[in-house]
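# Observations on the three-dimensional arrangement
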Amino acid sequence: MIAASAPAKIILLGEHAVVYGQPAIAVPVSQLRATAMVEPNPPHVLGLRIVASDLGEMLPVAIDGEVVDHALTLTARLVLDTLQLPPPNVTITVQSAIPVASGLGSGAAVSTALARALLVACNRTLPDEVLNRIIFEAEKRYHGTPSGIDNTVVVYEQPVYFVREQPIERLHFGAAFRLLIGDTGVRASTKIAVGDVRVLHDADPTYIGAVLDEIGQVVRRGRVALETGDTEALATCMNKNHRLLQILAVSSPELDQFVESALAAGALGVKLSGGGRGGNMIALVTDETAEHVRIALMKVGAVRVMETTLMNAVHEDIAQ
Ligand code: PMV
């Protein structure tokens, strides 16, 4: 049995505004992964079978159907078209530990794991750049008009400073930053949140445009903070970013409660992460405050609190 995998991700700064050309910063969460296993088909079964039984509403899909109406099917077909190969006679089973619709990039991770497994099954490779383009196409099935940040951070599995349609910049950290990731357990559609921000924007482009510009400024300042190891400045950027996301109406009562509790328990900087309306929030903590913040998040109903440390080269991700 051959296996391939891809990580979850969190957006540190800049979600939503990134759709409008502002920069954003995202990092992989390597301990939380989607995996894909390849097995030979039973003798009477021909062609490629994709089984995605544990991914919420996703059902087994077949590559040879007339209509490519599923992100996984589309991913497989794009990989095979790029390789100019017929479907191999294998079954690929995709599984994911990444909660769906929670701002952790589950869709991109599942598609990337599938694509990598299919490449192994075909005994071929593709440059990350090509794979990234394929996964971006698949992402459009999940998000409608994605910026491309999810697929980029998931495929390259590196911290990125991302601007739509610009060359990817890898980020380096001037210090280690400890983050907690609190899951509200509320599942929310990124596609709907992105669509609602678009409605707000179109109703008042001057005001919302200014909010998006301000998020861009926060991201630029956040990048300097990350690169110079300035924890306090990073915290200020995160807090400001959350307030700006509230103006865009993509926070939620649960997320705001998590943010308030984490701050009260000593977190330095806190914000929602990803599409919002539910899903996950992130809290910048120190060795002294980490445990207090984790307990505070559990008390307000976190279904899970994970931890990740941002650092160069090695990413230490520890499940709680
Ligand atoms: O909810 P997620 O993790 O898929 O994050 C989406 C990030 C957005 O900026 C809201 C949308 C996008 O395509 O960049």
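The shown structure was predicted, so the numbers you read here are calculated from the model rather than taken from an experiment.

### Some words on the site of the ligand
- What surrounds the ligand is a group of 18 residues, the closest being K9, S147, D150, T190 and G275.
- T190 is positioned with one of its side-chain polar atoms (N or O) 2.6 Å from an oxygen atom of the ligand.
- In the complex, 97% of the free accessible area of the ligand, which totals 380 Å², lies under the protein chains.
- Of all the elements in the fold, those that place two or more residues in the shell around the ligand are β1 (2-13), α4 (149-156) and α5 (190-203).
- Taken together, the residues of the shell around the ligand break down into seven nonpolar, eight polar and three charged.

### Quick notes on the pairing of β1
- Counting buried positions over the 12 residues of β1 gives nine, a clear majority of the element.
- Pairing between β1 and strand β2 (residues 24-40): 11 bridges, direction antiparallel. From the neighbouring strand, A8 faces β2, where its bridge partner is V29.

### A word on the pairing of strand β9 (residues 269-273)
- Counting buried positions over the five residues of β9 gives five, a clear majority of the element.
- Here β9 runs beside strand β10 (residues 280-285); their pairing, made up of five bridges, is antiparallel. For S273, the partnering residue across the bridge sits in β10 and is N280.

### A closer look at the nonpolar core
- Within the largest apolar cluster, 98 residues are counted, with the highest numbers of intra-cluster contacts made by I10, L12, L13, I92, L226, L248 and A283.
- Other than its neighbours up to four places away in sequence, L226 contacts L12, I25, L171, H172, F173, G174, A175, F177, L234 and L310.

### Things to note about helix α8 (residues 253-264)
- Look at α8: 16 Å from first C-alpha to last across 12 residues, which is about the 16 Å you get at 1.5 Å a residue.
- Of all the residues in α8, the buried ones are L255, F258, V259, S261 and A262. All buried residues of α8 lie within an arc of 170 degrees about the axis, which places them on one face of the element. Facing away from the buried side of α8, by more than 90 degrees, are the exposed residues P253, E260 and A264.
- In this structure, the buried residues of α8 make contact with β8 (177-183), α7 (231-247), β9, β10 and α9 (290-299).
- Positive phi shows up at G266, right after α8, with a value of about 110 degrees.

So, how was this worked out
- Residues numbered from 1 in each chain as written.
- Predicted model: local features only at pLDDT ≥ 70, side-chain atom pairs only at ≥ 80, totals over all residues.
- Heavy atoms only, no water.
- Near = heavy atom within 4 Å.
- Polar contact = N/O pair within 3.5 Å; in protein donor to acceptor, adjacent residues only side chain to side chain.
- Areas by Shrake-Rupley, 256 points an atom, 1.4 Å probe, with all protein chains shown as cover.
- Helix = DSSP H or I, 4+ residues; strand = E, 2+ residues; numbered from the N terminus.
- Nonpolar A, V, L, I, M, F, W, Y, C, P; charged D, E, K, R; others polar.
- Buried < 20%, exposed > 50% of the residue type's maximum accessible area, 1.4 Å probe, protein only.
- Pairing = 2+ DSSP bridges.
- Core = buried A, V, L, I, M, F, W, Y, C linked by side-chain atoms within 4.5 Å.
- Contact = heavy atoms within 4.5 Å.
- Expected span 1.5 Å × (residues − 1).
- Arc of directions from axis to C-beta.

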